[in-house]
Amino acid sequence: MGRLIVVSNRVPVPDKDGNMPAGGLAVAVHAALQESGGIWFGWSGRSVEDNGTPGPVEHSRNGAIEYVLTDLSERDVDEYYSGFANRVLWPLFHCRIDLAEYSRRDKDGYFRVNRMFADRLMPLIEPDDIIWIHDYHLIPLADELRRRGVQNRIGFFLHIPWPPADILFATPIYDQILKSLSAYDLVGFQTDHDMDNYISCLIREGVGDRTADSPTAKEDPSRAKLSAYGRTFHAQTFGIGIETADFAALAAASTDTDTVLDMRRSMGGRDLIIGVDRLDYSKGIPNRIMAFERFLELNPDRVGNVTLLQVAPPSRSDVPEYRDMQAEVESLAGHVNGVMGRIDWTPIRYINQSVDRNSLAGLYREARVGLVTPLRDGMNLVAKEYVAAQDPDDPGVLVLSRFAGAARELKGAVLCNPYDSEQTARAIEWALSMTLEERRSRWRDMMDYLLVNDIQTWCTSYLAALERSAPPQTGSTE
Ligand code: GDG
């Protein structure tokens, strides 16, 4: 394999002492980059006043990896990032057409920044390099590179779900989105449902389909060879994993951090249920709080004996829907605590701040139930982290939304429909009353799966598939 060039909206750059940022994706991709040598390119996270030029590119090096960062202008951040990526693509791909606010201005900003990324990447690319582009911010990037003559293998991985055709078609430029993806050699999805939705969009639009020599959906729902917009390329599923063994060890070693000790002491032997999510409407936090209230109503013997700890660090607070949601969650949690609470017991502890990684791992292990109930989620790594963190002798139970990508993999979870608070309430009760034998057997199944399908496997299998993908073709999708 030649060098690897990874492109993502944000780049996890090591600190000045060379320490890697925590988090599985950063660690696994860094490992792949160190092995082959390469470049990680993306936005620095800084915005500068708009004076017509994007400013200089910043280079730094760590071993065999070169980090190349570009600033964005305030206008770019507003239109490309907060605008089109986070107010059109994110809601749409999470099936929230009602929250998608399309504007031509933001769409132009999105394509402008992708063109700027392509211009800045061009001088860095050598003929044998393999290019791996991440996520919905950068869908048009391969097409922009092809227009500039790049013939290298280029892969894309979508971290979020792909929506059903009728939802995608609600955005005025859905055809440009579809067309852009066909410039890649390999398009990676989290689950077979996402890939199936994507192929259905091509078929419904009459622009592409599986090739005659592709496996059919029945033969293999995880792999397809496609022809669309005059190009032949591959689509495949690669459910993202975590650094399972390391996270399990971290949790086992984090049972007595100050935060975990304080938590245990204050619980006084009550059962803990944990929810951990960026404060995002896709995560279904309001539905979860309502389901927990229903659970208490249906199970009076649990009143006073179970606490839900909801950790929800703020996210994208420059987008109005996120600020509204923060107010909604505070009000709902306050309502449940006011109506159901007692002098010596608060049903919901809501923390609108980030918890350090060690304590998070220890808290997962402390909790009898991991309550992971997104309304829609590409994968959901919290579900996997909760499983990895459990004590093998006395594991807790994962209650998981059927609409998380992780539900396609974690067969030992208690699945629920987060829109149905009655059913979610029953799932919580079932989880709390499950026998040790059943808990162990469900946990073992999931843990064995996660140990094999960890983030390293995800990274190496994606890159191996990209290496095997169609021989480079010339030309863009024009
Ligand atoms: C996107 C897709 C897909 C959260 N709170 C704290 C904290 N976290 C960490 C978790 C976990 C990560 O953030 C969240 O990952 P998720 O996968 O759950 O969700 P997204 O951020 O929406 O990620 C998703 C993922 O990309 C990967 O492809 O699975 O579907 O939406 O690692 O632990 N970490 C710490 N303190 C917190 O308070 N330390």
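Below or above, wherever it landed, is the structure these notes cover.

Rules behind the numbers
Residues numbered from 1 in each chain as written. Predicted model: local features only at pLDDT ≥ 70, side-chain atom pairs only at ≥ 80, totals over all residues. Heavy atoms only, no water. Helix = DSSP H or I, 4+ residues; strand = E, 2+ residues; numbered from the N terminus. Rg over C-alpha atoms; globule rule 2.2 N^0.38 Å. Contact = heavy atoms within 4.5 Å. Areas by Shrake-Rupley, 256 points an atom, 1.4 Å probe, with all protein chains shown as cover. Lys, Arg positive; Asp, Glu negative; His and termini not counted. Charge placed at Lys NZ, Arg CZ, Asp CG, Glu CD. Near = heavy atom within 4 Å. Polar contact = N/O pair within 3.5 Å; in protein donor to acceptor, adjacent residues only side chain to side chain. Pairing = 2+ DSSP bridges. Axes fitted to C-alpha atoms, helices over the stretch in contact; angles between N-to-C directions. Left-handed = near helix turned anticlockwise from the far one by under 90°. Nonpolar A, V, L, I, M, F, W, Y, C, P; charged D, E, K, R; others polar. Buried < 20%, exposed > 50% of the residue type's maximum accessible area, 1.4 Å probe, protein only. Expected span 1.5 Å × (residues − 1). Salt bridge = Lys/Arg side-chain N within 4 Å of Asp/Glu carboxyl O.

**A look at the overall build of the chain**
- When helices and strands are counted, the chain shows 16 helices and 16 strands.
- Scaling as 2.2 N^0.38, a compact globule of 478 residues should have a C-alpha radius of gyration of about 23 Å, and the chain matches this with 23 Å.
- Taking the principal axes of its C-alpha atoms as reference, the chain extends roughly 70 × 50 × 40 Å.
- In the chain, once contacts between residues fewer than 6 apart in sequence are set aside, the share between residues at least 24 apart is 77%.
- When the accessible surface of the chain is split by element, carbon and sulfur atoms take 48% of a total near 18,900 Å².
- Side chains of the chain give 51 positive and 69 negative charges; the mean places of these two sets differ by 2 Å.

**Notes on the site of the ligand**
- Lining the immediate surroundings of the ligand are 22 residues, of which His 159, Val 355, Asp 377, Leu 381 and Glu 385 lie closest.
- Separating an oxygen atom of the ligand from a backbone N or O atom of Leu 381 is a distance of 2.8 Å.
- Measuring from an oxygen atom of the ligand, one finds a side-chain N or O atom of Glu 385 at 2.6 Å.
- Within the complex, the protein chains bury 82% of what would otherwise be the 740 Å² of accessible surface of the ligand.
- Taken together, the elements giving at least two residues each to the shell around the ligand come down to helix H12 (357-366) and helix H13 (381-388).

**Points about the sheet that holds strand S3 (residues 57-62)**
- With respect to topology, 10 strands assemble into an open sheet ordered S3-S4-S2-S1-S5-S6-S7-S10-S9-S8, the strand pairing being mixed. Both edges of this open sheet fall to S3 and strand S8 (208-210), since each of them pairs with a single strand only. Averaged over all neighbouring strand pairs, the angle between strand axes comes to 25 degrees, with direction disregarded.
- In terms of strand pairing, strand S7 (residues 186-189) meets strand S10 (residues 231-237) through 4 bridges, oriented parallel. Bridge assignment links Gly 188 to a residue of S10, and that residue is Gln 236.
- Across the face of the sheet, helix H2 (residues 74-93) comes into contact with strand S1 (4-10), strand S2 (38-48) and strand S4 (65-73) while running at roughly 95 degrees to S4.

**Digging into the sheet that holds strand S13 (residues 348-351)**
- If you trace the 6 strands from one edge of the open sheet to the other, you get S13-S12-S11-S14-S15-S16, paired in parallel fashion. A single partner strand is all that each edge strand has here, and the edge strands are S13 and strand S16 (414-416). When strand polarity is set aside, the average angle formed by the axes of neighbouring strands in this sheet is 20 degrees.
- With 4 bridges connecting them, strand S12 (residues 306-311) and S13 associate as parallel partners. Of the residues in S13, the one forming a bridge with Gln 310 is Tyr 350.

**Things to note about the side chain of Ser 8**
- Considering the arrangement of structural elements, one finds Ser 8 in strand S1.
- There is a polar contact of 2.8 Å between the side chain of Ser 8 and the side chain of Trp 40.
- Setting aside residues no more than four positions away along its own chain, Ser 8 makes contact with Trp 40, Phe 41, Gly 42, Trp 43, Phe 117, His 134 and Leu 138.

**Quick notes on the packing of helix H6 (residues 174-181) against helix H7 (residues 192-205)**
- In the contact formed by H6 and H7, the axes pass within 11 Å of each other and the chain directions differ by 115 degrees. Taken as a pair, H6 and H7 cross one another with a handedness that is left-handed. Seen from H6, the contacting residues are Tyr 174, Leu 178 and Leu 181; seen from H7, they are Tyr 198, Cys 201, Leu 202 and Glu 205.
- In terms of residue class, the contact of H6 with H7 is made up of 6 nonpolar, no polar and 1 charged.

**With respect to the pairing of S7**
- Side chains of S7 alternate between two faces, with Leu 186 and Gly 188 and Val 187 and Phe 189 buried alike.
- Examined bridge by bridge, strand S6 (residues 154-157) and S7 share 3 bridges and lie parallel to one another. Directly across from Phe 156, in S7, lies its bridge partner Val 187.

**A few points about helix H11 (residues 320-340)**
- Counted at 1.5 Å a residue, the expected span for H11 with its 21 residues is 30 Å, and the 30 Å between its end C-alpha atoms agrees.
- Contacts made by the buried residues of H11 are with H2, helix H10 (285-298) and S13.

**Comments concerning the pairing of S2**
- Bridging between S1 and S2 involves 6 bridges; their strand directions are parallel. For Ser 8, the partnering residue across the bridge sits in S2 and is Gly 42.
- In this sheet, S4 lies alongside S2 in parallel orientation, the contact comprising 8 bridges. Residue pairing across strands places Ser 47 opposite Leu 72, the latter belonging to S4.

**Quick word on the environment of Ile 133**
- Looking at the secondary structure, you find Ile 133 in strand S5 (residues 130-134).
- In the structure, Ile 133 is positioned 128 residues away from Ile 5 in sequence and 8.3 Å away in space, judged by C-alpha atoms.
- Among all residues touching Ile 133, those that are not within four sequence positions of it are Val 7, Leu 138, Leu 141, Ala 142, Leu 145, Ile 154, Gly 155, Phe 156, Phe 157 and Tyr 184.

**A few points about the pattern of salt bridges**
- All chains considered together, the criterion is met by 39 salt bridges.
- One salt bridge connects Glu 366 with Arg 264, and the closest N-O pair in it is separated by 2.7 Å. One end of the pair, Glu 366, is in helix H12; the other, Arg 264, is in helix H9 (residues 258-267), with 102 residues separating them in the sequence.
- The partner of Arg 278 in a salt bridge is Asp 280, and the shortest N-O contact between them spans 3.3 Å.
- Look at Asp 280 and you get buried, because its relative accessible area is 0%.
- What emerges from the salt-bridge pattern is a single network uniting Arg 75, Asp 76, Asp 78, Glu 79, Arg 105, Asp 106 and Arg 112.

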